[in-house]
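Fold and contact review
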Amino acid sequence: MDDLICVKNKNLIFSKGFYVYKGLDKKTKELLYIGTTIQVPNDRFRWHRNNGKDLLFDVIKICDNGNDMLNCEFQLIQKYKPKLNKITHRKQNLNVLLSDNELESRKGNPYWCQKCLKRHVNAGYMYCYNCS
Ligand SMILES: [Zn+2]
């Protein structure tokens, strides 16, 4: 299980990067999820919790680029088959992942329309002209 050891130096994970993380059951410590993010990991973990995935999250690998990150994720998913991973038979698509991450990172940012997440909004508005 060496490949699931948490990154010890927490100072390394306070900025955006290429991260692989695990999610454990809070009680049993069973591995339930392997994920990747290019956001600040704590932001990503908070987002999971707000969306019903309340696990014990921890970064297990810091990669140099998106491809390494997705290869590592795929290997671990194949090896451990965590219950909450939906895509298990293929690597995630980097472009899709990057754009999903980009959109996710706009949530809560008043600069972006909070309905479509794709258009800017004028100061003081929640939604763009298309969504309002
Ligand atoms: Zn919109």
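In this report, the structure presented in the accompanying data block is examined.

**A short note on the pairing of strand β1 (residues 18-24)**
- With five of seven residues buried, β1 lies mostly within the body of the structure.
- Of the pairings in the sheet, the one linking β1 to strand β2 (residues 31-37) comprises six bridges and is antiparallel in character. Along β2, the bridge assignment pairs glycine 23 with tyrosine 33.
- Where β1 folds back onto β2 in an antiparallel hairpin, the turn is made up of six residues, including lysine 29, whose phi is positive at roughly 65°.

**Some details on unusual backbone geometry**
- Even without being a glycine, lysine 81 presents a positive backbone phi close to 45°.
- When you line up the elements, lysine 81 lands in the loop between α2 (66-80) and α3 (94-104).
- Phi angles above zero are rare outside glycine, and leucine 117 is one such case at about 65°.
- Among the structural elements, leucine 117 can be located in the segment after α3.
- Residue leucine 117 is classed as partly exposed on the basis of its 16 C-beta neighbours within 10 Å.

**Examining the packing of α2 against α3**
- Where α2 contacts α3, the two axes come as close as 11 Å, and the packing angle between them is 100°. Regarding the angle of α2 to α3, the classification is roughly perpendicular. Residues Gly66, Asn67 and Leu70 of α2 pack against Leu94, Leu97 and Leu98 of α3.
- Considering only residue class, the contact of α2 with α3 consists of four nonpolar, two polar and no charged.

**Some remarks on the sheet that holds β1**
- Spatial strand order, β2-β1-β3: three strands in an open sheet with antiparallel pairing. One side of each edge strand has no neighbouring strand; the edge strands of this open sheet are β2 and β3 (56-63). Adjacent strand axes in the sheet meet at a mean angle of 25° when their direction is disregarded.
- Where β1 meets β3, seven bridges bridge the pair, whose relative direction is antiparallel. The partner of glycine 23 across the bridge, within β3, is phenylalanine 57.
- In the packing of α2 onto the sheet, the strands contacted are β1, β2 and β3, and the crossing angle to β2 comes to about 170°.

Cut-offs used in this document
- Residues numbered from 1 in each chain as written.
- Predicted model: local features only at pLDDT ≥ 70, side-chain atom pairs only at ≥ 80, totals over all residues.
- Buried ≥ 20, exposed ≤ 12 C-beta atoms within 10 Å, placed from the backbone.
- Helix = DSSP H or I, 4+ residues; strand = E, 2+ residues; numbered from the N terminus.
- Pairing = 2+ DSSP bridges.
- Axes fitted to C-alpha atoms, helices over the stretch in contact; angles between N-to-C directions.
- Parallel < 35°, antiparallel > 145°, perpendicular 65-115°, else oblique.
- Contact = placed C-beta atoms within 7 Å.
- Nonpolar A, V, L, I, M, F, W, Y, C, P; charged D, E, K, R; others polar.

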